[in-house]
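Residues per chain are reported as follows:
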Amino acid sequence: MNTNTGVELLLIEDNPADVELTQHALEVDHLANRIEVVRDGEEALAFLFCRGAYAHRSFDKPPRLVLMDLKLPKVDGLEVLRQVKADPRTMAIPVIVMTSSTEESDLVRSYRYGVNSYIQKPVDFQDFQKIVKTLGLYWLIVNAPPPGRAFGAQETA
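Now for a description of the structure that goes with this document. (Residues numbered from 1 in each chain as written. Predicted model: local features only at pLDDT ≥ 70, side-chain atom pairs only at ≥ 80, totals over all residues. Heavy atoms only, no water.)

A short note on the pairing of strand E3 (residues 65–68)
Reasoning step 1: Residues Leu65 and Leu67 line one face of E3 and the alternating positions Val66 and Met68 line the opposite face, and both faces are buried.
Reasoning step 2: Judged from the 3 bridges that link them, E3 and strand E4 (residues 95–99) form a sheet pairing that is parallel. Looking at the pairing, Leu67 lines up with Ile96 of E4. (Buried < 20%, exposed > 50% of the residue type's maximum accessible area, 1.4 Å probe, protein only. Helix = DSSP H or I, 4+ residues; strand = E, 2+ residues; numbered from the N terminus. Pairing = 2+ DSSP bridges.)

Considerations on the packing of aromatic side chains
Reasoning step 1: Counting across every chain of the model gives 3 aromatic pairs.
Reasoning step 2: Here the aromatic rings of Phe47 and Tyr54 are separated by 5.1 Å at their centres, their planes lie at 75°, and the arrangement is edge-to-face. Here the two residues Phe47 and Tyr54 agree in accessibility, since each one is buried.
Reasoning step 3: The interplanar angle of 90° and the centroid separation of 5.0 Å between the aromatic rings of Tyr138 and Trp139 together place this pair among those described as edge-to-face.
Reasoning step 4: For Tyr138, a relative accessible area of 39% gives the class partly exposed. (Phe/Tyr/Trp six-rings, centres within 6.5 Å; stacked < 30°, edge-to-face > 60°.)

Quick word on the environment of Ala44
Reasoning step 1: Looking at the element boundaries, Ala44 is found in helix H2 (residues 41–48).
Reasoning step 2: Classification of Ala44 by relative accessible area gives buried; the value is 0%.
Reasoning step 3: When the C-alpha atoms of Ala44 and Val7 are compared, they prove to be 13 Å apart, with 37 residues separating the residues in sequence.
Reasoning step 4: When sequence neighbours within four positions are dropped, the list of residues in contact with Ala44 reads Ile12, Val38 and Val80. (Contact = heavy atoms within 4.5 Å.)

Concerning the pattern of salt bridges
Reasoning step 1: Applying the stated criterion across every chain yields a total of 7 salt bridges.
Reasoning step 2: The partner of Glu13 in a salt bridge is Lys121, and the shortest N-O contact between them spans 2.8 Å. You can see Glu13 sitting in the loop between strand E1 (9–12) and helix H1 (16–28) and its partner Lys121 sitting in the loop between strand E5 (117–120) and helix H5 (125–142), a full 108 residues away along the chain.
Reasoning step 3: Glu13 sits in the buried class, given a relative accessible area of 4%.
Reasoning step 4: With relative accessibility at 13%, the residue Lys121 sits in the buried group.
Reasoning step 5: Where Lys121 meets Asp69, a salt bridge forms, and the shortest distance between an N and an O atom there is 3.6 Å. Of this pair, Lys121 sits in the loop between E5 and H5 while Asp69 sits in the loop between E3 and helix H3 (77–86); the two residues are 52 residues apart in sequence, bridging distant segments of the chain.
Reasoning step 6: Counted as one network, the salt bridges with shared partners bring together Glu13, Asp18, Asp69 and Lys121. (Salt bridge = Lys/Arg side-chain N within 4 Å of Asp/Glu carboxyl O.)

Have a look at this one:
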């Protein structure tokens, strides 16, 4: 059983309407009690790497899931993804890209950088809610989160 009392879901999204829809979809079915919202890539990196305004955070309590847009101000989502998946302290955190981008290059780069799932945002309100609910059910309820030892220095066999 996961005893992590930190953030369950880190939502990296600059569109206020998408933030509201995502939070609502997760809260209606009680899928995530602790959601942290950051509005740009720079703030996301500060949160995930425990620096700046988030220096009080501990790497011992990573979010169970990161749900992020690619088109972010300050630092784009691909760079956030690249840094998260390149660092042993954060690489085990499941990251889902949920974006309006239809660019194949974004899809290819996301998977090359280690994204766990890539979803194109539906434009229909009900479809959007269904997707978020499905993601929440799978990643926060069904999926076994990585154990604490998955974070940190690389293990040798």
